[in-house]
Amino acid sequence: MATRGQLLQEFIQLSENAYNNVYTAFKRTAFLERATLLPAIGDQAFVAEPAKGQTNSVEVKGALRIDSLPYRRKETAGSRGTDSRHDGGINVVLDSLDIYKFDRDKPSLSNSFLYKSQVRVAYFKRAKSKWKPHLCVRYDFARSYGSHPIFHAQLENGVPDASVRAMFPDLPDVVDPLDLHFKVRLPTANVVGATALLSLAADHLPLNRFPDVLRAVRAQALFNTEPWRCDCSSLDGGHAPQSMLASRWYSTNLEEVP
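Because the structure is a prediction, the values reported are computed rather than measured. (Residues numbered from 1 in each chain as written. Predicted model: local features only at pLDDT ≥ 70, side-chain atom pairs only at ≥ 80, totals over all residues. Heavy atoms only, no water.)

### A look at the overall build of the protein
Note the following rule: Helix numbering and strand numbering both begin at the N terminus, where a helix is a DSSP run of H or I of at least 4 residues and a strand a DSSP run of E of at least 2. For every residue, the accessible area obtained with a 1.4 Å probe (protein chains only) is divided by the maximum for its type, and the residue is called buried under 20%, exposed over 50%, and partly exposed between those limits. Methods summary: accessible areas were calculated by the Shrake-Rupley approach with a probe of 1.4 Å, and residue burial reflects only the protein chains presented.
On a plain count of helices and strands, the protein comes out with four helices and eight strands. Along the protein, helices and strands appear, N-terminal first, in the series α-β-β-β-β-β-β-β-α-β-α-α. Classification of the 258 residues of the protein by burial places 49% in the buried group. Carbon and sulfur atoms make up 50% of the accessible area of the protein, which amounts to about 13,000 Å² in all.

### Remarks on the packing of helix α3 (residues 193-204) against helix α4 (residues 210-218)
Rules: All axes here are fitted lines through C-alpha atoms, helices being fitted over the stretch that makes contact, and every angle between N-to-C directions spans 0 to 180 degrees. Angles are sorted into four bins: roughly parallel if under 35 degrees, roughly antiparallel if over 145, roughly perpendicular if 65 to 115, and oblique for all others. Two helices cross in a left-handed way if the nearer one is turned anticlockwise from the farther one by less than a right angle. They cross in a right-handed way if the turn is clockwise. Any two residues having at least one pair of non-hydrogen atoms within 4.5 Å are treated as being in contact. As a working rule, the residues Ala, Val, Leu, Ile, Met, Phe, Trp, Tyr, Cys and Pro are called nonpolar, Asp, Glu, Lys and Arg charged, and the rest polar, with Gly in that last group.
Closest axis-to-axis distance for the α3/α4 pair is 9 Å, and the angle between their directions is 165 degrees. One way to sum up the angle between α3 and α4 is to call them roughly antiparallel. Once α3 is placed against α4, the crossing between them reads as left-handed. On the side of α3, the interface is formed by Thr 195, Leu 198, Ala 201 and Ala 202, while α4 contributes Phe 210, Val 213, Leu 214 and Val 217. Partitioned by chemical class, the residues of the contact of α3 with α4 number seven nonpolar, one polar and no charged.

### Overview of the packing of aromatic side chains
Applicable threshold: What counts as a ring pair is set by centres within 6.5 Å for rings of Phe, Tyr and Trp (its six-membered ring), and what kind of pair is set by the plane angle: stacked under 30 degrees, edge-to-face over 60, tilted for all other angles. Here, a charge over a ring is recorded when the distance from Lys NZ or Arg CZ to the ring centre is within 6 Å and its angle to the ring normal is within 35 degrees.
The final tally for this structure, using the stated rule, is seven aromatic pairs. Seen in terms of ring centroids, Phe 210 and Tyr 250 are 5.2 Å apart; in terms of plane orientation they differ by 50 degrees. Their pairing is tilted. Taken together, the residues Phe 210 in helix α4 and Tyr 250 in the segment after α4 connect sequence positions 40 residues apart. You can call Phe 210 buried: its relative accessible area is 9%. Pairwise contacts between aromatic rings join Phe 11, Tyr 100 and Phe 102 into one cluster. Above the plane of the ring of Tyr 115 lies Lys 101, whose end atom (NZ or CZ) is 4.8 Å from the centre.

### Considering the nonpolar core
Which entries qualify depends on this criterion: Definition used in this section: a nonpolar core is a set of buried Ala, Val, Leu, Ile, Met, Phe, Trp, Tyr and Cys residues joined via side-chain atoms within 4.5 Å.
The biggest cluster of nonpolar side chains holds 57 residues, and the ones touching the most others in it are Phe 26, Tyr 100, Leu 200 and Phe 223. Ranked by residues supplied to this core, first place goes to helix α1 (residues 4-32) with nine residues. In this structure, Ala 122, Trp 131, Val 164 and Phe 168 belong to the second largest nonpolar core, which totals ten residues.

### Let's talk about the environment of Gln 154
We apply this condition: We define a polar contact as two N or O atoms separated by no more than 3.5 Å, with the added condition that, inside protein, one atom must be a possible hydrogen donor and the other a possible acceptor, whereas residues neighbouring each other in sequence contribute only through side-chain atom pairs.
For Gln 154, the position within the fold is in strand β7 (residues 151-155). For Gln 154, a relative accessible area of 6% gives the class buried. Once the C-alpha coordinates of Gln 154 and Arg 120 are considered, the two residues, 34 residues apart in sequence, prove to be 9.4 Å apart. Non-local contacts of Gln 154, meaning those with residues more than four positions away in its chain, are made with Cys 136, Val 137, Arg 138, Asp 140, Phe 182, Lys 183, Val 184 and Arg 185. Reaching out from Gln 154, the side chain makes a polar contact with the backbone oxygen of Phe 182 at a distance of 3.1 Å.

### What to know about the side chain of Glu 59
Note on placement: Glu 59 falls in strand β3 (residues 58-69). Take Glu 59: its relative accessible area is 5%, and that puts it in the buried class. From its side chain, Glu 59 meets the backbone nitrogen of Lys 52 in a polar contact 3.3 Å long.

### As for the pairing of strand β5 (residues 112-127)
Basically, it comes down to this: Following DSSP output, two strands are said to pair if at least two bridges run between them.
The pairing of strand β4 (residues 90-102) with β5 spans twelve bridges and is classified as antiparallel. Looking at β5, one finds that Asp 98 is bridged to Ser 117. Note: β5 against strand β6 (residues 130-141), eleven bridges, orientation antiparallel. Bridge assignment links Val 119 to a residue of β6, and that residue is Tyr 139. From the end of β5 to the start of β6, which pair antiparallel, there are two residues, and Lys 128 there has a positive phi angle of about 60 degrees.

### What about the pattern of salt bridges?
If charged atoms from side chains of opposite charge come close, those side chains can pair. For the record, the criterion: We define a salt bridge as a contact between a side-chain nitrogen of Lys or Arg and a carboxyl oxygen of Asp or Glu at a distance within 4 Å.
One pass over the full model with this rule turns up twelve salt bridges. Notably, a salt bridge pairs Lys 61 with Glu 49, separated by 3.3 Å at the nearest N-O pair. You can see Lys 61 sitting in strand β3 and its partner Glu 49 sitting in strand β2 (residues 46-50), a full twelve residues away along the chain. Looking at Lys 61, the relative accessible area reads 30%, which means it is partly exposed. Given a relative accessible area of 23%, Glu 49 falls into the partly exposed group. Residues joined in a network through salt bridges with shared partners are Asp 95, Arg 120, Arg 138, Asp 140 and Glu 156.

Below, the structure is given as structure tokens:
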């Protein structure tokens, strides 16, 4: 019989593969659109390991810089864009940390649930040798009370903090931070590192290629459970609502996508 340590390692490998399989599907189309992808953790966008400061837990860290991502989605691969202001594309920096725990302290896919996550997606425009923030969204999930939606997004000013700079030491200087109301919490589906790539594919890669990335998410056992299991103990009764993972919010009829 496998030991707890062996079971934990099996889940670590399963989760790392699931995240990076989505990254591979995203990368194929992004390369065709002449975007440059620069993972900050070796040659992978995501790395899983035992969670720091936690027992019997797994964390999946993501760090990816994307240069020259098309500003606006094309209807088909190879078609010409229509917005000359952004012909050079935009730059995106994604960093994420998703933590999984297990029921009854037994590491396995069937016992796993998302305990906590934070995903940041920052968009920048070039300004000569510097970058200007275009948009910066942080998706948060943790136990929430009162007026905080359990899954929500908040806007940030776009200036990388020290932890982001440590992951991406070659980032250009960022100027003209965004002036926003940063305390607004927008209810969302649950977004993890892999499904953040799905939203980038939907908004910036050709529409006829989007099903490839969506299928890649849905092909992973880690993301293909319903309900999506997460720590909903702060909800009344602690029961997980249906269809919370972001990939469930897209059309299920892929054949209708051009």
